[in-house]
Amino acid sequence: MCGIIGITAMPHSLPRGVASLIVKALLRLEYRGYDSAGVAGIVGNAIVVRKARGKIEEVSRRLGFKEIRSYCMIGHTRWATHGIPSDNNAHPHTDCRNWFAVVHNGILENHAELRRFLEEKGHVFRSDTDTEVLPHLVEDFFLKSEDVMEAFKKAIDAVRGSYAFAMISVHEPDRIFYAKNKNPLVIGLGNGFNAVASDIAALIELTRRIIVLRDGWHGYISPREIKLYNGRGEPVDWRKYVITVEWSIEDASKSGYPHYMLKEIMEQPVALHNTLAGIKKDKAIDKAVDILLDAEKIYVTAAGTSYHAGLYYALLTSILSGTLVHPFIASEYELYTKTISEGDAVIAVSQSGETMDTLNAVREAKKRGARVIAVSNIIESSIPRESNVTIYTRAGPEIGVAATKTFTSQALALYWLSVHHALATGKITRAEASNLLREAEKTPGLTRKAIEKTKPIAERLAEKISGARSIYVLSRGIGVPVAMEGALKVKEIGYIHAEAYPAGESKHGPIALVEEEFPVVFIVPNDPRLVDLLKGNIEEMKSRGALTIGVLSTNTCSECKLDIRIETPTANKLLVPFTHTPFMQLLSYYIAVNKGYDPDKPRNLAKTVTVE
Ligand code: M6R
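The structure contained in this document is the topic of the report that follows. Note that this is a predicted model, so its numbers are computed, not measured. (Residues numbered from 1 in each chain as written. Predicted model: local features only at pLDDT ≥ 70, side-chain atom pairs only at ≥ 80, totals over all residues. Heavy atoms only, no water.)

## Things to note about the environment of His 123
- Among the structural elements, His 123 can be located in the loop between α3 (111-120) and α4 (133-145).
- His 123 gets classed as buried once you look at its relative accessible area, which sits at 8%.
- Distance from His 123 to Val 349, taken between C-alpha atoms, is 45 Å for residues 226 residues apart in sequence.
- Residues in contact with His 123, not counting those within four places in the same chain, are Cys 96, Leu 118, His 136, Glu 139 and Asp 140.
- Within the local environment of His 123, its side chain forms a polar contact with the side chain of His 136, the two groups lying 3.1 Å apart.
- Here Asp 140 takes part through its side chain, which lies 2.7 Å from a polar atom of the side chain of His 123. (Helix = DSSP H or I, 4+ residues; strand = E, 2+ residues; numbered from the N terminus. Buried < 20%, exposed > 50% of the residue type's maximum accessible area, 1.4 Å probe, protein only. Contact = heavy atoms within 4.5 Å. Polar contact = N/O pair within 3.5 Å; in protein donor to acceptor, adjacent residues only side chain to side chain.)

And the structure:
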C-alpha cells in the first residue's frame, strides 16, 4: 500500500533542508509495497515536484530528490489503484497553478464526478488518478476564500472514500495540511520540526513522540505549531493524544541481516519474551476473559496469517475449555456477522490493526451488539481503538511483508488468553493452568532452539525443492493452522503453489495430484494420537512416490516413512506454532533467495491492506 511522509522544519535548522530525511523515511516505507515514488517541496515561492515510476533509490538518484533545498516537503510511495503505474500517475499531484501539491493513500469513490465537474470549470488534469481531484478542488475553493485551511477542509468534505492526505502550499510555505479517514496517518513531534506519516516506522529516526490520528481528524503542522480538528471541525487538544513509542532504530533496520524477513524470523525469541512480559503486566487478559465469560457465542476473525493465529486459538479453546469458537475469514464478515447477536464476543486479530476486512468485521460485530477483543501489534491503530479491549503483542515493528514474528507473538498472546479463560470457566484446575502457563514461558527458548536446529536444513532443502510446482503441507488437529501458515509462506514468499489441509482429507481428492517427488511436508504435533494417525497419511503419500518431509520432535515416529526428517525441540503438544513454524518460515525464505526473489517485497502484496 502507499506510504506518506511530510516534514516541516525551522529554516536553516539543517544545512541542506529536509530532503535527505524525506528520502530516508520513504525507504522505511518501502516495505509497504509500491511502484513509484515522488516528492514535492517548497523552494522559494514555488513548489518543486519530482516523481517517477521505479525504486526509491534509483528514482531519487536520477531525479535528484536530495538536491531539493526545502524545509517543507512531502513524499510518497505509490501502489497503483486508479491509473497504471507510471511517472504521471506517481504522487505528488498538483493543481493547474502549481499552488498545491498533494499525496494521498486510499481511494476516492466520487473522483469521476468531481473530475467531470472540475474539467467543465476548465481544470486540466495530468494523471489518471483519483487523487488529482484534490489539489484542483483546493485550488477552486482557494480562489474564493484565499484561505488554505478553509479550502482544504472544503475539498476533503467534497470527497467520498478513504484517505490519508498530506498537502503543501505556496500560500502557507511552512505548513503541511493533513486529513485522515479510514487510512492510517500519524503526526510526529520534534524539536524545531514536525512531521506526518502513514506509518510510525517512517518516523522512528526522527522522533518517538507520536499522535495517532482518528477518522475525520484534520489540520496542519508547521515547525512550531500543530492544529488539529475533529470531523465536526472542532479544535482537538492534541496534547492529550501524544504517545511515546518504544521501538528503536535497530527494530526498524536490517541490523546486518540481508533481509528484514530473516531478521524478523531470528527475532522471534525476543518478540515472544517481550509479548509475555507485556501481557503479564497489563490487565487486558483479565478484561478479555470477563468478556468471554459473559459471551453467548465466541467468534474469532482475521485475515491471512492472523487468521491462522485465530484458528489456533479456536482449536486450543475447544481443547482446553470445551468451548466452540467460531473462526471466520474477515473478508467474509457479511455472512458470518449475521449470526452475531447482543452479548456475543468477537476476537479480532490483526498485527497492523488497520486491515480493512478485519476492521469491517469489527464494526459490523459492534453494530450487532457484540463486544470485541482486539489482538494487535500496533498501539492505537484503528482495530484496537474500535474494540472494547486490546491485547497487545510486543513483537516490535515488522517490516517484511511476510508476517513472521507477529504470528508467533499472536499465537502466544492467544494461548495465554485461552488458558486463563479455561481456568475461569473451571474447565481446568489452577494446577493445570499453572502448568500450561509455565509451558508458555518456555516458548522464547523453544523457538530459539527450533530456529537453530532447522535453519541449515531449511537452507539445503530449499535448494532441492525450489523447482517444485506444487507442495502440500499437511497436519492434524492443533497442527493444522501451523500447516496453513506454512503453506501461505511458501506461496507468498517462495512463489510455489502450496496447499494445506488436514491430512485425513488426502484420500478425498488431493492425493490425485501426487506423483514422483511431489513434496509433502507433514507438521507432526508432539501428540501420540496424532502421530499415529499421521503415520498412515505419510505412508499413503510415500506409496504414491511423494517426497515426504516430516517436521517433528526428536525420537518421534522413527518408523514413519519420511524421506527427510526435520527435528524440532520436544515440547508440550499444544505448542506447535513455536516449535514447527520457524522451519516453514525459513524454508520459504530460502526458496525465495534461491530463486532470486526479494523475500521482503513479494510481488502483488502489500504489508497493510487497507482496501476491501
Ligand atoms: O495486519 P494484519 O495482521 O491484519 O494482516 C493480515 C494479512 O494481510 C497478513 O497476515 C498477510 O496475509 C501477510 N501477507 C502474511 O504474511
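## What to know about the site of the ligand
- Close contacts around the ligand come from 13 residues, with Ser 306, Ser 350, Ser 352, Thr 355 and Glu 492 the closest.
- In this structure, an oxygen atom belonging to the ligand sits 3.1 Å away from a main-chain N or O atom of Thr 305.
- Within the side chain of Glu 492, an N or O atom sits 2.4 Å from an oxygen atom of the ligand.
- In the complex, 91% of the free accessible area of the ligand, which totals 410 Å², lies under the protein chains.
- The set of elements that each furnish at least two residues to the shell around the ligand consists of α10 (304-321) and α17 (480-494).
- Residue contributions to the shell around the ligand peak at 3 residues, all from α10.
- Classifying every residue of the shell around the ligand gives 4 nonpolar, 7 polar and 2 charged. (Near = heavy atom within 4 Å. Areas by Shrake-Rupley, 256 points an atom, 1.4 Å probe, with all protein chains shown as cover. Nonpolar A, V, L, I, M, F, W, Y, C, P; charged D, E, K, R; others polar.)

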